[in-house]
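The residues making up each chain are set out below.
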Amino acid sequence: MLKNFNLGLREKLVVIVVAGIVVGFMLLGAFRIYNAKQSINEEIDRSGNERITLIAEALSNLIVGYDYSNMEFLAERIVKLQDVQQITIRNQAGKIMVTRKSSNFNQALNALDYESPVLFSGKPVGSVALRISLERYEQSIRRTSMNIFLLFAVFAIFLGVLLYVVTSKAIIQPIGHFRDLMKEILNDPSGRVRPKLEIASQDEIGELAAIFNTMNDKVHDYQQRLQEKYILADSNLLATNEQLKARTKQLEIALAQVEQLATTDSLTQLPNRRHFDTFLATATPRVLRFNESVCLLVIDVDNFKQINDQHGHGVGDYVLQELARLFKSRTRETDICARMGGDEFALLLCHADKDEALALSQDLLHKVSEHSFVAKGQKLLVMLSIGIAQLEAEIHDTEMLYGAADTALYEAKRRGRGQVVVYPFA
């Protein structure tokens, strides 16, 4: 329960000591008061029985002789006695002969009723009833309870203070000293502080102090060795850091080269298909969201296999490099041209519709037809087939865009090659 409160060890000790003593003395006091009440009740009962017995003995002759005057005189004297509230004398038939109440009679007061037969020569001749007030006894019980409470309260305070002082001196002070030394060590980052706990007791706290001193010595020695290693390592680290800087520069250059190789076609120096697909997949959601115009051109070299077969692959590579140079010359900064593989190229025109893509395609066909492709002194005939598709509501993803452009390309080849077809076509 105490862990939920932000209390120090001394405060917790006070709470525990006070709570334990209060509970203990409350139980002890309650038991003592109970015994006192029992003793008073027994005394009341004994006194009441003695009174009623004596009165019954005194009335035996008076009842037999019908001596009303003496019975009344005796009744008057009895109700004047302390605690007596009422007396009633009856004959053998139960008829009231004399009844008297005290001057301070109060029906609301707590009282005990005692009744005893009146005997004459061993035979009952009547009865007497006596009502005794409990007010004086209750006051006595209250005084006794208060005295017991005050006595136990004073003793509890004395015992609590004594336990607190003894426990605080024997436990709290050494622990507080232990805490202060640990703070001193923690507040010294250099590790030069090497205090000792001076506790001479042979109990668990003394053992704890000895363990702390041993651990502190070991930690101090370890810090010293660590400091020496740190100084040595620092000098080595400086040299290593310079080497790492040089290695880092080399690694950055190598990573840039690797990245270029991963995204660039080595023959034409154009972006490769992987880079082109990534760019298109990134651009497609934006284009559809903002309703921009984007067209895809799929370009294929006609009869490229014949060029390779007749003139060799070196000439084929030369043709692809020349075409890449021509495509670059007609590509804007917002567009991207890539070699998709073999003799196939792709050109993505941003902010361009089908008419603009068609005009660019026809210009490319014209430039290629006018360009001089010469290999081994022989002029080569190079022609292109181009398929065009626009990203729009009906063609709303990259797969559909590729499919539409490829369909247009196949239609261009079917129509005789060397021409441009825009999807959809008649």
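Being a predicted model, the structure only gives us computed values, none of them experimental. (Residues numbered from 1 in each chain as written. Predicted model: local features only at pLDDT ≥ 70, side-chain atom pairs only at ≥ 80, totals over all residues. Heavy atoms only, no water.)

Caption draft 1: The overall build of the chain, seen in detail. What the chain contains, in helices and strands, is nine helices and eleven strands. When each of the 426 residues of the chain is scored for burial, the buried share is 34%. For the chain, contacts bridging at least 24 residues in sequence account for 65% of all contacts bridging at least 6. Approximately 27000 Å² of the chain is accessible, and the part contributed by carbon and sulfur atoms is 57%. (Helix = DSSP H or I, 4+ residues; strand = E, 2+ residues; numbered from the N terminus. Buried < 20%, exposed > 50% of the residue type's maximum accessible area, 1.4 Å probe, protein only. Contact = heavy atoms within 4.5 Å. Areas by Shrake-Rupley, 256 points an atom, 1.4 Å probe, with all protein chains shown as cover.)

Caption draft 2: Broad picture of the pattern of salt bridges. Throughout the structure, instances matching the rule amount to 15 salt bridges. Between Glu72 and Arg100 there is a salt bridge, with the nearest N and O atoms lying 3.9 Å from each other. With a gap of 28 residues between them, Glu72 in helix α2 (residues 68-79) and Arg100 in strand β2 (residues 96-101) connect regions that are remote in the sequence. Judged by relative accessible area, Glu72 falls into the partly exposed class, the value being 33%. Its salt-bridge partner being Arg414, residue Glu411 comes within 2.6 Å of it at the nearest N-O pair. Of this pair, Glu411 and Arg414 both sit in helix α9 (residues 398-414), separated by three residues, roughly a single helical turn. Assessed through its relative accessible area of 8%, Glu411 is described here as buried. On the accessibility criterion, Arg414 (61% relative accessible area) is exposed. Each of the salt bridges in this network shares a partner with another, and the network as a whole consists of Glu72, Glu76 and Arg100. (Salt bridge = Lys/Arg side-chain N within 4 Å of Asp/Glu carboxyl O.)

Caption draft 3: View of the packing of aromatic side chains. Under the criterion given, the structure shown has two aromatic pairs. The interplanar angle of 75 degrees and the centroid separation of 5.1 Å between the aromatic rings of Phe327 and Phe345 together place this pair among those described as edge-to-face. Pair noted here: Phe327 is in helix α7 (residues 313-329) and Phe345 is in strand β7 (residues 344-350), with a separation of 18 residues, a long-range link. Side by side, Phe327 and Phe345 carry an identical accessibility label, which is buried. Positioned over the ring face of Tyr402 is Arg273, at 5.4 Å from the centre of the ring. (Phe/Tyr/Trp six-rings, centres within 6.5 Å; stacked < 30°, edge-to-face > 60°. Lys NZ or Arg CZ within 6 Å of the ring centre and 35° of its normal.)

Caption draft 4: Up close: the pairing of β2. With five bridges connecting them, strand β1 (residues 84-91) and β2 associate as antiparallel partners. Across the sheet, the residue bridging to Ile89 is Val98, located in β2. (Pairing = 2+ DSSP bridges.)

Caption draft 5: Summary view of helix α5 (residues 273-290). With 18 residues, α5 should reach 26 Å at 1.5 Å per residue; the first-to-last C-alpha distance of 25 Å fits that figure. Approximately 30 degrees is the largest bend angle found in α5, and it occurs at Ala283, with the proline Pro285 only one to four residues beyond. Of all the residues in α5, the buried ones are Phe276, Leu280, Ala283, Thr284 and Val287. Taken together, the buried residues of α5 touch β5 (294-301), β6 (336-341), β7 and α9. Looking one or two residues beyond α5, the residue adopting positive phi is Asn291, at roughly 55 degrees. (Expected span 1.5 Å × (residues − 1). Bend = angle between axes of the 7 residues up to and from the residue.)

Caption draft 6: A look at the nonpolar core. Membership of the largest hydrophobic core comes to 32 residues, with the highest contact counts inside it found for Leu297, Leu323 and Val382. Of all elements in the fold, only β5, α6 (304-311), α7, β7, α8 (354-370), β8 (373-375) and β10 (384-390) reach the threshold of two or more residues within this core. Looking at this core, the element that brings in the most residues is α7, giving seven residues. If we skip the residues at most four places from it in the chain, Leu297 touches Phe345, Ala346, Leu347, Leu349, Ala357, Ser361, Ile386, Gly387 and Ile388. Ranked by size, the runner-up nonpolar core spans 26 residues in total, among them Leu62, Ile63, Met71 and Ile89. (Core = buried A, V, L, I, M, F, W, Y, C linked by side-chain atoms within 4.5 Å.)

Caption draft 7: Main features of the environment of Phe105. Tracing the chain through its elements places Phe105 in the loop between β2 and β3 (111-120). Looking at Phe105, the relative accessible area reads 22%, which means it is partly exposed.

Caption draft 8: Region of the structure containing the sheet that holds β5. Strand order across the open sheet formed by five strands is β6-β7-β5-β10-β11, with mixed pairing between neighbours. The open sheet is flanked by β6 and β11 (420-422), the only strands paired with a single partner. The sheet shows a mean angle of 20 degrees between the axes of neighbouring strands, taken without regard to direction. Strand direction decides the pairing type here: β10 and β11, joined by three bridges, are parallel. The residue of β11 that forms the bridge with Ile388 is Val422. Set on the sheet, α9 makes contact with β5, β6, β7, β10 and β11; between it and β10 the angle comes to about 145 degrees. (Axes fitted to C-alpha atoms, helices over the stretch in contact; angles between N-to-C directions.)

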